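Here are the chains, one letter per residue:
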Amino acid sequence: MKVFVVGATGQIGKHLIDILQSSEQHTVRAMVRKSEQAEELKSQGIDVVVASLEGSVNDIADAANGCDAIVFTAGSGGHTGLDKTLLIDLDGAVKTVEAAEQAGINRFIIVSALQANHRQNWNKEMVPYYVAKHYADRMVETSTLDYTIIRPGGLVNEESTGKVTASANLETGSIPREDVAKTIYAALDAQETFKKSFDLISGETNIKEALKNI
């Protein structure tokens, strides 16, 4: 399976690229915004295209053409304005869904946020971010795609444990970014995760086993 990674230069995206690059099952194509980012990835032997989530759906579809799955790990980041939250986390995600449908790419995984589906549990200091994630997820759910929505808890840069808790409703917790990337990788062809969404935090269960019980 050739996997198109949107948000390839983000922290989760970088981990996922590394995992896919060393995989015997899958290959990767990375989408980046800037030519200098592309040159850096090309120097590592990575298939890369330059395209922007603020561009057109056609641009994204063309960039993903020939791939078998799309993973959306992009985010506007904590140092940008609310306009970028709307343009990247919401509209960028929706454009990528539309691009997947247009390109005939049926497998789609998106990284959301813990409890994004429950307004009453949103972090009050991050409401605009949660609004963007909430409505992007709802658009994914109404699509024709074989989607998986992964809602990780607080993201940390600690060492991967390979052990998680995955459930439809987890109210709090954190997880290393590398374990989120490993969960994305494991979910790619795990049919039990198709058309499913779940919260994800560190736990005591092997990732593959945890996904079997979604």
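The structure contained in this document is the topic of the report that follows. (Residues numbered from 1 in each chain as written. Predicted model: local features only at pLDDT ≥ 70, side-chain atom pairs only at ≥ 80, totals over all residues. Heavy atoms only, no water.)

## Comments concerning the overall build of the protein
Point 1. Of the regular secondary structure elements, the protein holds 7 helices and 11 strands.
Point 2. Relative to the globule expectation of 17 Å for 214 residues, the C-alpha radius of gyration of the protein, 16 Å, shows essentially globular dimensions. (Helix = DSSP H or I, 4+ residues; strand = E, 2+ residues; numbered from the N terminus. Rg over C-alpha atoms; globule rule 2.2 N^0.38 Å.)

## A look at the packing of aromatic side chains
Point 1. Taken as a whole and assessed by the stated rule, the structure comprises 2 aromatic pairs.
Point 2. Relative to Tyr130, the ring of Trp122 lies with its centre 6.0 Å away and its plane at 25°, an arrangement referred to as stacked.
Point 3. Note on Trp122: relative accessible area 10%, which makes it buried.
Point 4. On the basis of relative accessible area, Tyr130 is assigned to the buried category, the value being 11%.
Point 5. Taking the centre distance of 5.7 Å and the plane angle of 85° together, the rings of Tyr129 and Tyr130 count as edge-to-face.
Point 6. Joined through ring pairs, the aromatic side chains of Trp122, Tyr129 and Tyr130 make up one cluster. (Phe/Tyr/Trp six-rings, centres within 6.5 Å; stacked < 30°, edge-to-face > 60°. Buried < 20%, exposed > 50% of the residue type's maximum accessible area, 1.4 Å probe, protein only.)

## Some remarks on helix α3 (residues 57–64)
Point 1. Considered for burial, the residues of α3 that qualify are Val57, Ile60, Ala61, Ala63 and Ala64. Seen along its axis, α3 keeps its buried residues to an arc of 160°; they face one direction.
Point 2. The inward-facing, buried residues of α3 abut β1 (2–6), β2 (27–32), β3 (47–50), β4 (69–72) and α4 (82–103).
Point 3. Once α3 ends, the next one or two residues include Gly66, with phi positive near 95°. (Arc of directions from axis to C-beta. Contact = heavy atoms within 4.5 Å.)

## So, helix α2 (residues 35–42)
Point 1. Of the residues making up α2, those classed as buried are Gln37, Ala38 and Leu41. All buried residues of α2 fall inside an arc of 100° around its axis, so they share one side. Exposed residues on α2 whose side chains face more than 90 degrees from its buried face are Glu36 and Glu40.
Point 2. Buried residues belonging to α2 abut β2 and β3.

## Notes on the pattern of salt bridges
Point 1. A full pass over the atoms with the stated rule returns 9 salt bridges.
Point 2. A salt bridge links Asp47 to Arg29, with the nearest nitrogen and oxygen atoms 3.1 Å apart. A residue pair is termed long-range when its members are at least 10 positions apart, and Asp47 in strand β3 and Arg29 in strand β2 qualify at 18 residues.
Point 3. Two residues, Arg151 and Asp199, come together in a salt bridge whose shortest N-O distance is 2.7 Å. Highlighted residues: Arg151 in strand β6 (residues 146–152) and Asp199 in strand β10 (residues 196–202), separated in sequence by 48 residues. Each member of the pair Arg151 and Asp199 is classed as buried. (Salt bridge = Lys/Arg side-chain N within 4 Å of Asp/Glu carboxyl O.)

## Let's talk about the pairing of strand β5 (residues 107–111)
Point 1. Most of β5 is tucked away, with 5 of its 5 residues classed as buried.
Point 2. Of the two faces of β5, the one holding Arg107, Ile109 and Val111 and the one holding Phe108 and Ile110 are both buried throughout.
Point 3. Between β5 and its parallel partner β6, the chain crosses via helix α5 (residues 127–141), and the hand of that crossover is right-handed. (Right-handed = clockwise from strand over helix to strand, strands pointing away.)

## So, unusual backbone geometry
Point 1. The backbone of Gln115 shows a phi angle near 65°, a positive value even though the residue is not glycine.
Point 2. Counting through the fold element by element, Gln115 comes out in the loop between β5 and α5.
Point 3. Among the residues examined, Gln115 registers a relative accessible area of 1% and is labelled buried.

## So, the packing of α3 against α4
Point 1. At their nearest, the axes of α3 and α4 sit 8 Å apart, and the two run at 55° to each other. Between α3 and α4, the interaxial angle falls into the category oblique. Every pair of crossing elements has a handedness; the one defined by α3 and α4 is right-handed. Contacts between α3 and α4 involve Val57, Asn58, Ile60 and Ala61 from the first element and Lys95, Thr96, Glu98, Ala99, Gln102 and Ala103 from the second.
Point 2. Class assignment for the residues of the contact of α3 with α4 results in 5 nonpolar, 3 polar and 2 charged. (Axes fitted to C-alpha atoms, helices over the stretch in contact; angles between N-to-C directions. Parallel < 35°, antiparallel > 145°, perpendicular 65-115°, else oblique. Left-handed = near helix turned anticlockwise from the far one by under 90°. Nonpolar A, V, L, I, M, F, W, Y, C, P; charged D, E, K, R; others polar.)

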